[in-house]
Amino acid sequence: MTDIITITDLHKSFGTQKVLDGVNLKIEKGKITIIIGKSGTGKSVLLKNIIGILKPDSGHITYKGEDITTFNTDKILDMRRDFGYLFQDAALFDFMNVGENIAFPMVEQLEMANKKELAEKVAYLLDLIDLPGIENKLPSELSGGMRKRVGLARALAVDPKIILFDEPTTGLDPILADSIDKLIVKVTREMDLTSLIISHDIPSAFHIGDKIAFLYDGVIAFDGTPQEAEQSNHPVLQRFIANSLGRRAHA
Amino acid sequence: MITVGHFVIYLRRVFSQLFKPPFRFSQFFEHLEKIGVDSTLVVVLSTTTTGMILALQLGYIMRMFHAEMFVGSAVAMALSRELAPIMTAIVLIARNGSSMAAEIGSMRVTEQLDAMEIMAVDPIHYLVVPRVWAAFFIFPVLTAVANIVGIAGAYFVSTTVFQVDASLFFQKIYLFLDPNDVYSGLMKSAILGVIVALISTYNGYITKGGAKGVGRATTTAVVTSTVAVLVADYIMTDILLNTLMRAG
Ligand SMILES: Nc1ncnc2c1ncn2[C@@H]1O[C@H](COP(=O)(O)OP(=O)(O)OP(=O)(O)O)[C@@H](O)[C@H]1O
Ligand SMILES: [Mg+2]
């Protein structure tokens, strides 16, 4: 049991708005950690601090024992080679087609130049997300769910060691969401990845997560296994879980 | 004051990346082509008519002194020194400066710039630098086109309205137009291109606040570039005239 990422007393504000107010969290290597929490509590902000596109006001984030908050640009770029990142709204490049989007990190980060090899890998990834043959479509021609899956393929393209997923299944139909969940579990286990996932889907979180972390009021108010989460007597967490399940039942 | 400071930091980042490999040829040519396709027609139309209007105005005055054969050289001088670079810059701001700000701005608000950074690519290097180079090369080309079609417009008016002899028209241009006027105009326009690209991409780069923010960035880019182009032109003209006077 080793921690690959350790977050200590992380603070982040935007102007006068305190978003993260002392976050402490350990991410275990080879496990799926799921961050849950209300909309607007700073889950995405937390992920962006880990990858270094937002700088914390104070606190530390260590990756493999090194404090990334002290990294210079080159070291951050180096570190990012280990990461795949799925943005909440996919953030596909709108001036490139799907194939070029997925190939982008392979060309830029892995410096792959062989066109045939690239095309094969792109086709393989599109198969994986169940959208074969859409290489030449533009992101603007895809549905929200399709964009998200292409974003997922792009995140997996560089064979990352750690994947950070910002709501990989939000906006997908239940069957598709389920298949993405399965895919995440599969790649995490088979490729020995570490996954950190933001999710609003509580049943799925409890199903696939090795660990649940509940972000509330700027801090991690609870973290533990799904069983521990269900049995915890943390009132806000219980209410949050109940609400989420209730909403799902209504839907 | 804060924005000036930020812009200076941005400039430093762009200039540190200008010559950094790999040079993004495909991006560069894409922008060259885009600017060319988007703007050539508008540049041609606006400077042809400018040449014609100038010729008409000057023609009526010069006819009083029986000097209408000098209309061509006067128009050529005005165009090559000032009007062609400025008109071209204004057209390119409206067509391309605005779209640079809008494209990069919408990439900012949809997190595409962050995504690029995460994939270890500096958006300044990938998106801004090719646009700056493209503007640096295409502005003088379109300015040269503007010179030619503007003079063609003047030729048309001189020969039809004022019955100036065609060979006389060109002879006077040849006699009075200093090649330095043309070179200095083209040089100015290359620098104006860089200024427009820098200001427009900067406004896109710092966009905040969704679609509304993109609209705001575009407007700011156009207004700021226009003012900057006029101010920069004045300063460059001052410097050029001083050096030319001293040399001459
Ligand atoms: N770059 C930024 N500049 C200013 N404020 C920001 C920025 N990014 C996030 N915020 C603010 O921080 C707060 C947390 O945002 P964040 O996107 O992390 O929420 P979230 O937990 O991911 O919500 P959701 O579940 O809706 O995605 C929000 O109030 C948001 O307005
Ligand atoms: Mg979010």
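Heads up: the structure comes first, above all this text.
All values reported here derive from a predicted model rather than from experimental measurement.

Visitor: Would you mind going over the overall build of chain A with me for this structure?
Guide: In terms of regular secondary structure, chain A is built from 9 helices and 10 strands. Taken over the C-alpha atoms alone, chain A extends approximately 55 × 45 × 40 Å along its principal axes. Relative to its 251 residues, chain A shows a buried fraction of 55%. Here the contacts in chain A between residues at least 6 apart in sequence split such that 65% fall between residues at least 24 apart. Surface accessibility of chain A: about 11,600 Å² in total, with carbon and sulfur atoms responsible for 51%. Each charge class in chain A can be summarised by its mean position, and for the 29 positive and 35 negative side chains these summaries are 2 Å apart.

Visitor: Looking at this model, I keep getting lost on the nonpolar core. Mind explaining?
Guide: Nonpolar side chains in soluble globular proteins generally cluster together in the buried interior. One finds Ile5(A), Ile7(A), Phe83(A) and Leu164(A) to be the most contacted residues of the largest nonpolar core, which totals 82 residues. Counting residues per element, this core draws most heavily on helix 5 (residues 123–160) of chain B, at 13 residues. In this structure Ile5(A) touches Leu25(A), Lys26(A), Ile27(A), Ile50(A), Ile61(A), Thr62(A), Tyr63(A), Phe83(A) and Ile162(A), once residues within four positions along its chain are discounted. Membership of the second largest hydrophobic core comes to 48 residues, among which are Leu126(A), Ile163(A), Phe206(A) and Ile208(A).

Visitor: Honestly, the pattern of salt bridges in this entry has me stumped. Any pointers?
Guide: Charged atoms that come close allow side chains of opposite charge to pair. Throughout the structure, instances matching the rule amount to 21 salt bridges over all chains. Between Lys48(A) and Glu111(B) there is a salt bridge; the shortest N-O distance is 2.4 Å. Of this pair, Lys48(A) sits in helix 1 (residues 43–51) while Glu111(B) sits in the loop between helix 3 (71–109) and helix 4 (112–118), each in a different chain. For Glu111(B), a relative accessible area of 16% translates into the label buried.

Visitor: Can you walk me through the coordination of the magnesium ion (ligand 2) in this structure?
Guide: Each angle at a metal carrying four tetrahedral donors should ideally be 109.5 degrees, and each at a metal carrying six octahedral donors should ideally be 90 or 180 degrees. For the magnesium ion (ligand 2), the full set of protein donor atoms is Ser44(A) (OG) and Gln88(A) (OE1), and the range of their distances to it is 2.0 to 2.2 Å. Of this pair, Ser44(A) sits in helix 1 while Gln88(A) sits in the loop between strand 6 (83–86) and helix 3 (98–108), and the two are 44 residues apart along the sequence.

Visitor: Looking at this structure, how should I read the interface of chain A and chain B?
Guide: Quoted interface sizes are often the accessible area lost when the parts come together. Across the contact, 19 residues belong to chain A and 17 residues belong to chain B. Both sides together, the interface formed by chain A and chain B hides about 1,600 Å², and carbon and sulfur atoms give 64% of it. On the surface where chain A and chain B come into contact, there are 2 salt bridges. Taken together, the connections running from chain A to chain B amount to 4 residue pairs in polar contact (both at pLDDT 80 or more).

Visitor: Is there a simple way to explain the site of ligand 1 in this structure?
Guide: All names here are of chain A. In the vicinity of ligand 1 lie 14 residues, with Gln17, Ser39, Gly40, Lys43 and Ser44 positioned nearest. Glutamine 88 is positioned with one of its side-chain polar atoms (N or O) 2.8 Å from an oxygen atom of ligand 1. If ligand 1 stood free it would expose 630 Å²; the protein chains cover 64% of that surface.

Visitor: Looking at this model, I keep getting lost on the sheet that holds strand 7 (residues 162–166) of chain A. Mind explaining?
Guide: Strands pair in a sheet through their backbones, by hydrogen bonds, and they do so in one of two ways: parallel or antiparallel. Residue and element names in this part refer to chain A. The 6 strands are arranged 6-7-8-3-9-10 in an open sheet whose pairing can be described as mixed. If you trace the sheet from one side to the other, it starts and ends with strand 6 and strand 10 (219–224), each paired once. For this sheet, the mean angle separating the axes of adjacent strands, direction not counted, is 15 degrees. With 4 bridges connecting them, strand 6 and strand 7 associate as parallel partners. Within strand 7, the residue paired with leucine 86 across the bridge is phenylalanine 165.

Visitor: Where do I start with the sheet that holds strand 4 (residues 58–63) of chain A in this structure?
Guide: All names here are of chain A. Taken together, the 4 strands give an open sheet; going across it, the order is 2-1-4-5, and neighbouring strands pair in antiparallel fashion. Looking along the sheet, the strands with just one partner apiece sit at the ends: strand 2 (17–28) and strand 5 (66–67). Two elements, strand 1 (residues 3–14) and strand 4, share 5 bridges in a ladder whose sense is antiparallel. Considered in strand 4, the bridge of isoleucine 7 is made with isoleucine 61. Here helix 1 sits on the sheet and contacts strand 1, strand 2 and strand 4; the angle it forms with strand 1, its principal contact strand, is near 120 degrees.

Visitor: Would you take a moment to explain a nonpolar patch on the surface for this structure?
Guide: On the surface, a nonpolar cluster with roughly 600 Å² of combined accessible area is contributed by Val223(B), Val227(B), Val231(B), Tyr234(B), Ile235(B) and Ile239(B). Here Val223(B) lies in helix 8 (residues 210–247).

Visitor: What's the story with the packing of helix 2 (residues 25–64) of chain B against helix 5 of chain B in this structure? I'm lost.
Guide: Packed helices, taken two at a time, are described by their axes: the angle between them and the distance between them. Residues and elements named next belong to chain B. Viewed as axis vectors pointing N to C, helix 2 and helix 5 meet at an angle of 25 degrees, and their least axial separation amounts to 7 Å. Regarding the angle of helix 2 to helix 5, the classification is roughly parallel. Seen from above, helix 2 lies across helix 5 with right-handed handedness. Each residue belonging to the contact of helix 2 with helix 5 can be placed in one class, and the counts come to 22 nonpolar, 9 polar and 1 charged.

Visitor: Can you help me understand the side chain of Ser44(A) in this one?
Guide: Accessibility expressed as a relative area gives 17% for Ser44(A), which makes it buried. For Ser44(A), the side chain forms a polar contact with the side chain of Gln88(A), separated by 3.0 Å.

Visitor: Please clarify how the packing of helix 2 of chain B against helix 3 of chain B should be interpreted in this entry.
Guide: Residues and elements named next belong to chain B. Relative to each other, helix 2 and helix 3 sit at 150 degrees, their axes nearing to 9 Å. The pairing of helix 2 with helix 3 is recorded here as roughly antiparallel in orientation. You can see that helix 2 and helix 3 cross each other, and the crossing is right-handed.

Visitor: So what exactly am I meant to see when it comes to the environment of Thr48(B) here?
Guide: All names here are of chain B. Following the sequence through the fold, threonine 48 ends up in helix 2. Each C-alpha atom of the pair threonine 48 and valine 149 lies 5.2 Å from the other, and the pair is 101 residues apart in sequence. Discounting chain neighbours no more than four positions away, the residues touching threonine 48 are Val149, Gly150 and Gly153.

Visitor: Explain helix 6 (residues 174–190) of chain A to me, please; I cannot follow it from the model alone.
Guide: An α-helical turn contains 3.6 residues, so a residue and the one three or four places further along point in the same direction. Residues and elements named next belong to chain A. Counted at 1.5 Å a residue, the expected span for helix 6 with its 17 residues is 24 Å, and the 24 Å between its end C-alpha atoms agrees. Structurally, helix 6 contributes buried residues whose contacts are with strand 3 (32–36), helix 4 (115–128), helix 5 (144–156), strand 7, strand 8 (194–198) and helix 7 (202–208). Just downstream of helix 6 lies aspartate 192, where phi reads positive at about 55 degrees.

The rules behind the values
- Residues numbered from 1 in each chain as written.
- Chains lettered and ligands numbered in written order.
- Predicted model: local features only at pLDDT ≥ 70, side-chain atom pairs only at ≥ 80, totals over all residues.
- Heavy atoms only, no water.
- Helix = DSSP H or I, 4+ residues; strand = E, 2+ residues; numbered from the N terminus.
- Buried < 20%, exposed > 50% of the residue type's maximum accessible area, 1.4 Å probe, protein only.
- Contact = heavy atoms within 4.5 Å.
- Areas by Shrake-Rupley, 256 points an atom, 1.4 Å probe, with all protein chains shown as cover.
- Lys, Arg positive; Asp, Glu negative; His and termini not counted.
- Charge placed at Lys NZ, Arg CZ, Asp CG, Glu CD.
- Core = buried A, V, L, I, M, F, W, Y, C linked by side-chain atoms within 4.5 Å.
- Salt bridge = Lys/Arg side-chain N within 4 Å of Asp/Glu carboxyl O.
- Donors = N, O, S within 2.8 Å, 3.2 Å for Na, K, Ca; no water.
- Buried area = accessible area lost by both parts, 1.4 Å probe.
- Polar contact = N/O pair within 3.5 Å; in protein donor to acceptor, adjacent residues only side chain to side chain.
- Near = heavy atom within 4 Å.
- Pairing = 2+ DSSP bridges.
- Axes fitted to C-alpha atoms, helices over the stretch in contact; angles between N-to-C directions.
- Patch = residues over 30% accessible without salt bridge, like charges linked within 9 Å, V, L, I, M, F, W, Y side chains within 5 Å.
- Parallel < 35°, antiparallel > 145°, perpendicular 65-115°, else oblique.
- Left-handed = near helix turned anticlockwise from the far one by under 90°.
- Nonpolar A, V, L, I, M, F, W, Y, C, P; charged D, E, K, R; others polar.
- Expected span 1.5 Å × (residues − 1).

Nothing here speaks to function; it is geometry throughout.
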